[in-house]
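Residue-level structure breakdown
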There are 2 protein chains.
Amino acid sequence: MSPVSPVAPARFSREEYARRLTKTRQAMAAAGLDLLIVTDPSNMNWLTGYDGWSFYVHQGVVLPIDEDPLWFGRGQDANGARLTSWLPEARIVAYPDHYVQSTERHPKQVLAGLLRDQGWGTRRIGVEMDNYYFSAAAYHTLLRELPDARFQDATGLVNWQRAVKSDTELTYMRRAARIVDAMHARIRDVIEPGMRKNDLVAEIYDAALRGTAEFGGDYAAIVPLVASGVEASAPHLTWTDQPLRPNEGTFFEIAGCYRRYHCPLSRTVYLGRPPQHFLDAEKAVQEGMEAGLEKAYAGNTCEDVANAFFAVLRRHGIEKDNRTGYPIGISYPPDWGERTMSLRPGDRTVLEPNMTFHFMTGLWMDTWGFEITESIVIGERGPEILADTPRELVVKD
Amino acid sequence: MSPVSPVAPARFSREEYARRLTKTRQAMAAAGLDLLIVTDPSNMNWLTGYDGWSFYVHQGVVLPIDEDPLWFGRGQDANGARLTSWLPEARIVAYPDHYVQSTERHPKQVLAGLLRDQGWGTRRIGVEMDNYYFSAAAYHTLLRELPDARFQDATGLVNWQRAVKSDTELTYMRRAARIVDAMHARIRDVIEPGMRKNDLVAEIYDAALRGTAEFGGDYAAIVPLVASGVEASAPHLTWTDQPLRPNEGTFFEIAGCYRRYHCPLSRTVYLGRPPQHFLDAEKAVQEGMEAGLEKAYAGNTCEDVANAFFAVLRRHGIEKDNRTGYPIGISYPPDWGERTMSLRPGDRTVLEPNMTFHFMTGLWMDTWGFEITESIVIGERGPEILADTPRELVVKD
């Protein structure tokens, strides 16, 4: 096939990609690595710009410490790499289709051959051991095919470099925030008892994808989580085609997405007169949120934010036994979190300016659930709240 | 937490789940396994009914050959298992939240402890070595924590049991077909030059989610793949907010989804007067599709279908160097295929009645792409075509 060239505008400058490579190589050097195999699609995109729904087959970016990265993937996806990444033709390497989902061959055999051919077969190689797209079979194929390499766990190595956002990244996340504002406004406008849940989800997607007149929406890495009533006691149920019932609460855990950058935001709607425990939860979460936000500035730690929030919750008699937030930014399914820090006791990571978090203050109780959350940018003195959606329980009586 | 009970109607009878367990246990016995750890969310759902977007953390279903399965997952997701699976309270086991995305602890340590406690620490254990949700770290944690167990690759073991669909499954897939028909009808209605791609995708989602008056749509395991012009040379690009251009072809690889069951279907739209190579591609694919469909009956093999299709393509001077289909059914991101058989030369799997395939006859050429596909049910004498969408290049001039 003859090489094709990008038709869409580049998402980041070449200088920004160069800075990302430099940061990543410094982390590699500190970890004693001279080669990194990146399989997390978010990390692949962040390093090279590659953007496509091809992560259901084996692929990756190979980053030597001393040369430009290589994109490695399925033959039919090489044009996608040509169209979306900044990599030149010589750095795009494809494997034949009979390696796809074969019981006899594994794509990582081709990758190992590539590494040997490049003289990298004895390197100290970092692999993302706990990533969705680095299976046990992928690792064992590499171990078998590269007996002279030394492998080392590099889970999260690139993710950590993504923590502090650039100006362009923040611009994209602010656009994602405008989109999630539109999504929550739509819910507030149209929700009513009797409406089928799937029709409400259609409205949410409509707002998410249409975005604004200036920019349109991308797909979020998680579909809308929209559980009602007792099902809201479970945080990760999706939807059915059953109608919304009166006198039930429904939480909406959704994100706006622009060019793969996310702004998650949750709100809860009660159809009818909310019972006292919803009003109590609203009060506790709002007060706890304020307490946490007051600690969300550079120099403090992740646990400072979490402890401030949990202290208020306990004062209100609510025990939340899960973390209360995580970093956000560029992402692909199945998770819009960055999988590095967590807002929880024991995480003493120091906050830096332009780190971005979903302050995930959701409550999933015995027989009900409640979510009012915010996505934030860490500042020198305090956080920027990305969304403009009113921070309140929405009541439609 | 006190146990909650399901509020939605069960998706399958207990008898159907029992048959699935029996089939799976027969396959386990044939493979010499007395315990299976299932991490593929599609397999988890197929065996237990569990349905939630929680696969971004470690979880699984443990199936002993001689006892009912156990659901294993994150604490906050246990209510989801109570609400969606048929498992009794005693078979739902959760791990604490500080194991989630921790650098010091791994959820598979808790799973290993559970297995030891049950006296299963010396069993012959099947694991899905090449599944997205069974990372290299997950495997190595199990190896370390269960030194007396014997591990064996069981990738695809459950997937293979899913190949032949039950009557209820076929009902769900036929509903998914009605949904994908509505999606393509919507595209045909609204597409025009100047329309932003993201606005067109909003229309596709609207049709997908609203479904029909009788049943609503679920989310497909892959987002719409909708590349135009030169970008259609790459099969897996998603969308931007740029307007559709006149005199370009756009393929729409989309699926209707009902209760996690998929009916994928691709069509291509040309805005303007299509150039000769589009008309030639249409003719070749239609003729090849007919030739393949003629071979798609019980007793023939996967490669019989593929060879018939490829022979016609070659006669038209078109070389397609990737497989031309795969089995479909229940699925979760990132793939709606079942990852067992492939319609390609060399795959001699014998077709059985009620196997279901996406006959994926897409062409991705140097600088353009073309997709007209069908989803089919294998019959004794020939296939049932699931969708009713006209099998043609859509031209809007």
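Residues numbered from 1 in each chain as written. Chains lettered and ligands numbered in written order. Predicted model: local features only at pLDDT ≥ 70, side-chain atom pairs only at ≥ 80, totals over all residues. Heavy atoms only, no water.

Describing the interface of chain A and chain B
The interface of chain A with chain B comprises 85 residues on the first partner and 85 residues on the second. In this assembly, chain A packs against chain B so that about 7100 Å² is buried in total across both faces, 54% of it on carbon and sulfur atoms. Taken together, the connections running from chain A to chain B amount to four salt bridges. Ionic pairing is found between Arg210(B) and Glu203(A), a salt bridge with its closest N-O pair at 3.0 Å. (Contact = heavy atoms within 4.5 Å. Buried area = accessible area lost by both parts, 1.4 Å probe. Salt bridge = Lys/Arg side-chain N within 4 Å of Asp/Glu carboxyl O.)

A closer look at helix H8 (residues 197-210) of chain A
End to end, H8(A) covers 20 Å across 14 residues, agreeing with the expected 20 Å (1.5 Å per residue, within 8%). Phi turns positive one or two residues past the end of H8(A), at Gly211(A), with a value near 60 degrees. (Helix = DSSP H or I, 4+ residues; strand = E, 2+ residues; numbered from the N terminus. Expected span 1.5 Å × (residues − 1).)

With respect to the sheet that holds strand S14 (residues 384-385) of chain B
Ordered in space as S9-S10-S13-S14 (chain B), the four strands form an open sheet in which the pairing is antiparallel. Only two strands of the sheet have a single partner each, and these edge strands are strand S9 (325-327) and S14 of chain B. (Pairing = 2+ DSSP bridges.)

Observations regarding the relation of the copies chain A and chain B
The two chain copies are related to each other by a rotation about an axis together with a translation along it. Once turned by 180 degrees and shifted 0.0 Å along the axis, chain A lies on chain B with an RMSD of 0.0 Å. One copy is carried onto the other by what is essentially a two-fold rotation axis. It is Ala136(A) whose C-alpha, among those of chain A, lies nearest the rotation axis, at 1.9 Å. Of all interface residues in chain A, 100% are interface residues in chain B too; the two copies therefore contact each other through one and the same surface. (Least-squares fit on C-alpha atoms with pLDDT ≥ 70 in both.)

Some words on the UniProt feature "domain: Creatinase N-terminal" (unreviewed entry) in chain A
Taking the numbering used here, the UniProt-annotated feature "domain: Creatinase N-terminal" (unreviewed entry) corresponds to residues 20-164 of chain A. For residues 20-164 of chain A, the end-to-end C-alpha separation is 11 Å, with 36% helix and 18% strand making up the annotated structure. (UniProt positions renumbered as here; feature names shortened; annotations may be inferred.)

Details of the environment of Glu294(A)
Residue and element names in this part refer to chain A. Along the chain, Glu 294 falls in helix H9 (residues 276-294). On the basis of relative accessibility, which here comes to 59%, the residue Glu 294 falls in the exposed class. The sequence separation of Glu 294 and Phe 309 amounts to 15 residues, and the corresponding C-alpha distance is 9.8 Å. (Buried < 20%, exposed > 50% of the residue type's maximum accessible area, 1.4 Å probe, protein only.)

As for unusual backbone geometry
Following Pro333(A), the chain continues to Pro334(A) via a peptide bond in cis, the omega torsion being 10 degrees. With respect to the helices, strands and loops of the structure, Pro334(A) is situated in the loop between strand S9 (325-327) and strand S10 (356-359). Here the phi dihedral of Gln101(B) falls at roughly 45 degrees; this positive angle occurs in a residue that is not glycine. With respect to the helices and strands, Gln101(B) occurs in the loop between strand S4 (92-95) and helix H4 (107-117). The phi dihedral of Arg339(B) is positive, around 60 degrees, even though this residue is not glycine. Within the secondary structure layout, Arg339(B) lies in the loop between S9 and strand S10 (356-359). With relative accessibility at 18%, the residue Arg339(B) sits in the buried group.

Points about the packing of H9(A) against helix H10 (residues 302-315) of chain A
To describe two helices that pack against each other, one gives the angle between their axes and the distance between the axes. Residues and elements named next belong to chain A. The contact between H9 and H10 brings their axes to 8 Å, and the two run at 150 degrees. By the angle between their axes, H9 is roughly antiparallel relative to H10. Every pair of crossing elements has a handedness; the one defined by H9 and H10 is right-handed. Contact residues: Ala 284, Val 285, Glu 287, Gly 288, Met 289, Ala 291 and Gly 292 in H9; Val 305, Ala 308, Phe 309, Val 312, Leu 313 and Arg 315 in H10. Looking at the contact of H9 with H10 residue by residue, the class counts come to nine nonpolar, two polar and two charged. (Axes fitted to C-alpha atoms, helices over the stretch in contact; angles between N-to-C directions. Parallel < 35°, antiparallel > 145°, perpendicular 65-115°, else oblique. Left-handed = near helix turned anticlockwise from the far one by under 90°. Nonpolar A, V, L, I, M, F, W, Y, C, P; charged D, E, K, R; others polar.)

Examining the side chain of Glu371(B)
All names here are of chain B. When you line up the elements, Glu 371 lands in the loop between strand S12 (369-370) and strand S13 (374-377). Within the local environment of Glu 371, its side chain forms a polar contact with the side chain of Trp 364, the two groups lying 3.0 Å apart. When residues no more than four places from it in sequence are discounted, the contact partners of Glu 371 are Phe 251, Glu 253, Ser 266, Arg 267, Thr 268, Met 360, Gly 362 and Trp 364. (Polar contact = N/O pair within 3.5 Å; in protein donor to acceptor, adjacent residues only side chain to side chain.)

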